[in-house]
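One-letter residues, chain by chain:
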Amino acid sequence: MLPLVTPSSTATMHTPQQILASSLPELYAAILIFSVKARQYFNPSFTRIKKSGSIWRTSAVEFQPFIDEIFEKERRVRECADMAKMEISMKGPARLQQVQDLLSNIESKMKVQRLLRMLSPLEAWKRHQDVLPSRVDGTGTWLLEHEHFRLWCDPTNSPGDRILCCFGGVGTGKTVLSCLVIEHLLHEFPERDKVGIASLYGNYRDQGSQTLNNILGSLLKQLLTAASHVPDTITSILESVQKQEKRADNSNVLQLLRLTLPLFDSIFVCIDAVDENR
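A quick note: this is a predicted structure, and the numbers were derived from the prediction, not measured.

Description of the overall build of the protein
Next up, step 1: Per the secondary structure count, the protein includes 10 helices and 6 strands.
Next up, step 2: For the protein, the share of sequence-separated contacts (at least 6 apart) that also reach a separation of at least 24 residues comes to 74%.
Next up, step 3: On the protein, roughly 17600 Å² of surface is accessible, and the fraction owed to carbon and sulfur atoms is 57%.

Right, here's the structure in full:
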């Protein structure tokens, strides 16, 4: 069993629920680290077999420490969950029901996330994180202060003011500006369950994947990921598509978009390099 004290201070006591709350991010972080390591390992430009002395390291050797770490974090989460259930059961059925509802909600969200993967192979937020470090502080502030941008950024304005196009030659920094706009929106509208924010970074090298269906699927996936609650009707459609063992087609995506858009008070879509999409 896990001790209900922090490693740094034996005087500070924590409840099982608090330990569980801190253990879940640790498990998620371990999974992310494994994902990054796997992406690097299987990248064609990365040497897949490393030589250490006279021993050739296989993928099993490369990944086993990360797998062990994930298993250890998972064991910790399970122990914390069991302890939390035990503690709450001693405080009455009402508290136990709260934990069961919480665990059910977590399981439901994980299920939805698995279903959303089949909507599109495009990873807009990963591309966003790749672009973000290239921006220098202060770059593009002129755009944020521009009157047209402020009109576009105000959800209460008329639809005619809600379309903003920026033009520029190759290498003038349009992608960095797109990244800046998205970061600004995330800061201005932190309640993502009320204001949807979706993006797309076009890339002429990846036009094979940038089909209309994948683009719409990517936008849909981003919105549903941010939604506070995914209605059962949407989940049922996703499960139906999954049973057919195929990706969602145009009719599925459009149907899901019609059901998703009303979940938000307002939605922003930022598309970079429109001319580089198919």
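Observations regarding helix H10 (residues 250-260)
Next up, step 1: Taken residue by residue, H10 has Asn252, Val253, Leu256, Leu257 and Thr260 as its buried positions. All buried residues of H10 lie within an arc of 130° about the axis, which places them on one face of the element.
Next up, step 2: Buried residues belonging to H10 abut helix H8 (212-226) and helix H9 (232-243).

Digging into a nonpolar patch on the surface
Next up, step 1: There is a patch of nonpolar side chains on the surface, built from Val269, Ile271 and Val274 and spanning about 240 Å² of accessible area.
Next up, step 2: Tracing the chain through its elements places Val269 in strand S6 (residues 266-272).
Next up, step 3: When its relative accessible area of 37% is taken as the criterion, Val269 is described as partly exposed.

So, the confidence of the model for the protein
Next up, step 1: Confidence along the protein averages 78 in pLDDT terms, with 81% of residues attaining 70 or more.
Next up, step 2: Note on residues 1-11: pLDDT under 50 across the span, and 18 contacts to partners over four residues away in sequence or across chains.
Next up, step 3: This stretch, residues 47-57, has a pLDDT under 50; its non-local contacts, to residues over four places away or in other chains, come to 14 contacts.

Digging into the layout of surface pockets
Next up, step 1: Considering only enclosed or pocket space, the largest pocket measures out at about 2200 Å³ in volume.
Next up, step 2: What lines the largest pocket is a set of 47 residues, among which Tyr28, Lys109, Met110, Gln113 and Arg117 lie closest to the centre.
Next up, step 3: Of all elements in the fold, only helix H1 (16-41), helix H2 (59-90), helix H3 (93-116), helix H4 (124-131), H8 and H9 reach the threshold of two or more residues within the lining of the largest pocket.
Next up, step 4: Class assignment of the residues belonging to the lining of the largest pocket gives a composition of 21 nonpolar, 11 polar and 15 charged.
Next up, step 5: Quantified by volume, the second largest pocket comes out at close to 1100 Å³.
Next up, step 6: Lining the second largest pocket are 38 residues, and of these Cys166, Ser178, Ile271, Asp272 and Ala273 sit closest to its centre.
Next up, step 7: When residues of the lining of the second largest pocket are traced back to their parent elements, those giving at least two are helix H5 (141-144), helix H6 (147-153), helix H7 (174-188) and S6.
Next up, step 8: Looking at which element gives the most residues to the lining of the second largest pocket, the answer is S6, with 7 residues.
Next up, step 9: Of the residues assigned to the lining of the second largest pocket, the class counts are 20 nonpolar, 12 polar and 6 charged.

Here's the deal with the nonpolar core
Next up, step 1: Grouped together as the largest cluster of nonpolar side chains are 18 residues, with contacts concentrated most on Phe149, Trp152, Cys153, Val181, Leu185, Phe189 and Phe268.
Next up, step 2: Formed by 16 residues, the second largest nonpolar core is a distinct cluster that contains Leu115, Leu119, Val230 and Ala248.

As for the side chain of Lys221
Next up, step 1: Note on placement: Lys221 falls in helix H8.
Next up, step 2: There is a polar contact of 3.4 Å between the side chain of Lys221 and the backbone oxygen of Leu122.
Next up, step 3: Aside from chain neighbours lying at most four places away, what touches Lys221 is Leu116, Leu119, Ser120, Leu122 and Glu123.

Calculation notes
- For every chain, the first residue of the written sequence is number 1, and numbering continues from 1 onward in sequence order.
- Residue-level local features of this predicted model are given only where pLDDT is at least 70; pairs of side-chain atoms are given and counted only at 80 or more, and the full residue set underlies all totals for whole chains, interfaces and linings.
- Where side-chain values are given, they derive from all heavy atoms of the structure, hydrogens and water being excluded.
- A run of H or I in DSSP becomes a helix once it reaches four residues, and a run of E becomes a strand once it reaches two; helices and strands are each numbered from the N terminus.
- Two residues qualify as a contact provided that any one of their heavy atoms is within 4.5 Å of a heavy atom in the partner residue.
- Accessible surface is estimated by sampling points in the Shrake-Rupley manner with a 1.4 Å probe; for residues, cover comes only from the protein chains shown.
- Think of it in three bands: with a 1.4 Å probe and only protein chains considered, a residue is buried below 20% of the maximum accessible area for its type, exposed above 50%, and partly exposed in between.
- The directions considered for the arc run from the helix axis to the C-beta atoms.
- Every patch collects residues that have over 30% relative accessible area and no salt bridge, joining them within 9 Å if they carry like charges and within 5 Å if they are nonpolar side chains (Val, Leu, Ile, Met, Phe, Trp, Tyr).
- Any Lys or Arg side-chain nitrogen located within 4 Å of an Asp or Glu carboxyl oxygen qualifies as a salt bridge.
- Per-residue confidence from the predictor is given as pLDDT, running between 0 and 100.
- Throughout, the protein atoms alone are placed on a 1 Å grid, and a set of points is a cavity if a 1.4 Å probe fits but cannot get out or a pocket if it is open with protein on both sides within 12 Å along at least five of seven lines; lining residues have an atom within 4 Å of a point.
- Grid points are joined across faces, edges and corners, and a volume is the space filled by probe spheres set on the points.
- In the scheme used here, Gly and all other residues not listed as nonpolar or charged are polar, with Ala, Val, Leu, Ile, Met, Phe, Trp, Tyr, Cys and Pro taken as nonpolar and Asp, Glu, Lys and Arg as charged.
- We call a set of buried Ala, Val, Leu, Ile, Met, Phe, Trp, Tyr and Cys residues a nonpolar core when their side-chain atoms join them within 4.5 Å.
- Within 3.5 Å is the distance limit for a polar contact, defined as a pair of N or O atoms, with the added protein rule that one can donate a hydrogen and the other accept it, and that residues adjacent in sequence qualify only through two side-chain atoms.

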